[in-house]
Amino acid sequence: MAELPVVVVGAGPVGLAAAAHLVERGSTPLVLEAGERAGAAVRQWHHVRLFSRWAELVDPAAERLLASTGWQAPDPDYHPTGQEWAARYLQPLAEVLGDRVRFGARVVGVARRGRDRVVDAGRDREPLTVHLADERITARAVVDASGTWSGPNPLGGDGLPAIGERAAAAHIGYRVPDLDDPAVRSRFAGERIAVAGSGHSALTALVAFAELATAEPGTHVTWLLRRGRVGDAFGGGDADQLPARGALGRRAAAAVEAGHVRIVTGFRTRAVEAAADGLVLVADDGRRLDPVAEVVALTGFRPDLSWLSEVRLDLDPVLQAPRALAPLVDPNVHSCGTVSPHGARELTQPEPGVFLVGMKSYGRAPTFLAMTGYEQVRSVVAAIDGDQAAAGRVELVLPETGVCGGAGVVDDPAGAADGGCCGAPVEPVAVGVGRPQD
């Protein structure tokens, strides 16, 4: 099987980094991307500025590969937008990889050649097969870096769409809106808006809507939190080692202090009802919000595992993340600092040669950093190459978030869970000046 390619699914930051590491080790990568350009998902949030600097957004192996073409690294301390990340780094990286990257190639299944997931006999002697709509590719290994962007969580508080959510789809969005687009801006200007979610995407939206409210009187924002109190929703502030991430929380807190955003806690949406003057959101406890014109549901993402149904995976039953990784990222257990660097050992699956990396490796857990994905693929590619010593090394130190939330505090409607593994939660910063997860 050594002559076969390693198939990488997804030409985003982590998938392209995996390909760069494979090239550096003399292996043959084949990157299959469903979109038409590198970083197709990143380009969809092109207007959002990352809270990571360029120094934290360029994979070392990818930088070495690009340097051979005369590529000039951007200012390491600059915080790019999604558009800049895609145009100045991902696109050039895909171009230097050349025909090792195929666009418009949607993977619909992965299997062991001639064996469904039930068959043991001869399984260890057969390569993997990667299925496209009208093609089958034989592979030495498969690195799934397809991400979770295509699977946003619904507004409904129980993980399924709320009653009436699908019928109201024309007025419910699941991405941070681009308010620099005149058509999008006019949709929200002067309107009542509900934002659901407590992560960095929600904070980014709140800051953008607060700026819109300043420019467009009559714009009102209601922020819906499932948890029973605000707690550490604004992040670590000055304690965050990613300053732009801490600043984002401070700007969101300032928007609340200025009266642009009203917070409603303990609100789990059960139903969306149409009214003469907009949509009425109804909570599980019977509370009803005043009508809103638009809803922005930023409640996280979930992985699409359907096309991996014929390979053997060992996933955590809660997060749908690799079982060994899940305890490191489970928000029900802790939210203290950052996730410890990890690699092939935590990402290895019962199906030999199959790895979930990047955002997809986190399953439903939030707060993924590009640096984490780069360390993952460095280790995974070393393992595929048989270099177990390199696969087992830790070659990354991640910045702390400055947030210590207790067990269950992320989604606890009663707000009763304090402390946990890390001590008391950090209280929000009420003053100051300023992205989705990288």
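Residues numbered from 1 in each chain as written. Predicted model: local features only at pLDDT ≥ 70, side-chain atom pairs only at ≥ 80, totals over all residues. Heavy atoms only, no water.

A. Representation of the overall build of the chain. When helices and strands are counted, the chain shows eleven helices and 15 strands. Looking at the 438 residues of the chain, the share that counts as buried comes to 54%. About 17,900 Å² of surface is accessible on the chain, with carbon and sulfur atoms providing 52% of the total. (Helix = DSSP H or I, 4+ residues; strand = E, 2+ residues; numbered from the N terminus. Buried < 20%, exposed > 50% of the residue type's maximum accessible area, 1.4 Å probe, protein only. Areas by Shrake-Rupley, 256 points an atom, 1.4 Å probe, with all protein chains shown as cover.)

B. Summary view of the pairing of strand β14 (residues 294-297). Of the two faces of β14, the one carrying E294 and V296 and the one carrying V295 and A297 are both buried. Where strand β8 (residues 172-173) meets β14, two bridges bridge the pair, whose relative direction is parallel. What sits directly across from I172, in β14, is V295. Of the strand pairs in this sheet, strand β9 (residues 192-196) and β14 are connected by four bridges, and their pairing is parallel. Pairing of A194 across the sheet is with V295, part of β14. (Pairing = 2+ DSSP bridges.)

C. Up close: empty space enclosed by the protein. Space inside the largest cavity adds up to approximately 40 Å³. Around the largest cavity sit R192, I193, H220, T222, R262, L289, D290 and V292, which together line it. Across the lining of the largest cavity, the residue classes tally to three nonpolar, two polar and three charged. (1 Å grid on protein atoms, 1.4 Å probe; cavity = no way out; pocket = protein on both sides within 12 Å on 5 of 7 lines; lining within 4 Å. Points joined across faces, edges and corners; volume = space filled by probe spheres on them. Nonpolar A, V, L, I, M, F, W, Y, C, P; charged D, E, K, R; others polar.)

D. Structural context of helix α4 (residues 82-97). Taking 1.5 Å as the rise per residue, α4 with 16 residues should run 22 Å; its terminal C-alpha atoms sit 21 Å apart, in good agreement. In α4, a bend of some 30° at L90 exceeds every other bend along the element, and P92, a proline, comes one to four places later. Of the positions making up α4, those classed as buried are G82, W85, A86, Y89, L90, P92, L93, A94 and L97. Buried-residue contacts for α4 involve α1 (13-24), α2 (40-44), α3 (60-67), β3 (101-103) and α10 (370-384). Once α4 finishes, G98 follows within two positions and takes phi at roughly 60°, a positive value. (Expected span 1.5 Å × (residues − 1). Bend = angle between axes of the 7 residues up to and from the residue. Contact = heavy atoms within 4.5 Å.)

E. Highlighting the pattern of salt bridges. Overall, the coordinates contain 21 salt bridges when judged by the stated rule. We note a salt bridge from R323 to D314, for which the minimum N-O separation is 2.6 Å. By relative accessible area, R323 is classed as partly exposed at 43%. A single salt-bridge network, built from bridges that share partners, covers E375, R378, R393 and E395. (Salt bridge = Lys/Arg side-chain N within 4 Å of Asp/Glu carboxyl O.)

F. Representation of the side chain of H342 within the structure. For H342, the location among the structural elements is in the loop between α8 (326-329) and α9 (344-347). Reaching out from H342, the side chain makes a polar contact with the side chain of Q376 at a distance of 2.8 Å. Contacts of H342, omitting those with residues within four sequence positions, involve L325, L328, L347, Y362, T372, E375 and Q376. (Polar contact = N/O pair within 3.5 Å; in protein donor to acceptor, adjacent residues only side chain to side chain.)

G. Seen up close, the packing of aromatic side chains. All told, the structure shown has five aromatic pairs when counted by the stated rule. Seen from their ring centres, W45 and W85 are 6.2 Å apart, and the 45° between their planes marks the pair as tilted. Pair noted here: W45 is in the loop between α2 and α3 and W85 is in helix α4, with a separation of 40 residues, a long-range link. In terms of burial, W45 and W85 fall into one category: buried. A centroid spacing of 5.0 Å and a plane angle of 90° characterise the contact between Y362 and F368, whose relative ring orientation is edge-to-face. Residue class for Y362 comes out buried when judged on its relative accessible area of 1%. Residue class for F368 comes out buried when judged on its relative accessible area of 2%. The residue whose ring lies beneath R175 is W149, and the NZ or CZ to ring-centre distance is 4.2 Å. (Phe/Tyr/Trp six-rings, centres within 6.5 Å; stacked < 30°, edge-to-face > 60°. Lys NZ or Arg CZ within 6 Å of the ring centre and 35° of its normal.)

H. Local environment of α10. Its 15 residues give α10 an end-to-end C-alpha distance of 21 Å, which sits within 8% of 21 Å, the value for a rise of 1.5 Å per residue. Along α10, 15 of the 15 residues are buried, which leaves the element largely enclosed by surrounding structure. Two residues or fewer past α10, G386 is found with a positive phi of approximately 85°.

I. Structural detail: the confidence of the model for the chain. Model confidence for the chain is summarised by a mean pLDDT of 88, while 87% of its residues fall at 70 or above. Note that residues 402-438 has pLDDT below 50 and, in this model, 115 contacts with residues that lie over four places away or in other chains. (pLDDT = per-residue confidence, 0-100.)

J. Geometry of the nonpolar core. Grouped together as the largest cluster of nonpolar side chains are 86 residues, with contacts concentrated most on L16, W85, Y89, V195, F209, W223 and V357. For Y89, the residues in contact, after removing those within four places along its chain, are W54, L57, V58, D59, A62, L66, W71, E84 and Y374. Core analysis: the next-biggest nonpolar cluster, separate from the first, contains 20 residues, V7, A105, V110 and W307 among them. (Core = buried A, V, L, I, M, F, W, Y, C linked by side-chain atoms within 4.5 Å.)

K. Quick look at the sheet that holds β3. Pairing within the open sheet is parallel, and its five strands lie in the order β3-β2-β1-β7-β15. Taken across any chain shown, the strands that pair with only one partner, and hence form the sheet edges, are β3 and β15 (354-356). Across the sheet, the mean angle separating the axes of adjacent strands is 15° when strand polarity is ignored. Pairing between strand β7 (residues 141-144) and β15: three bridges, direction parallel. (Axes fitted to C-alpha atoms, helices over the stretch in contact; angles between N-to-C directions.)

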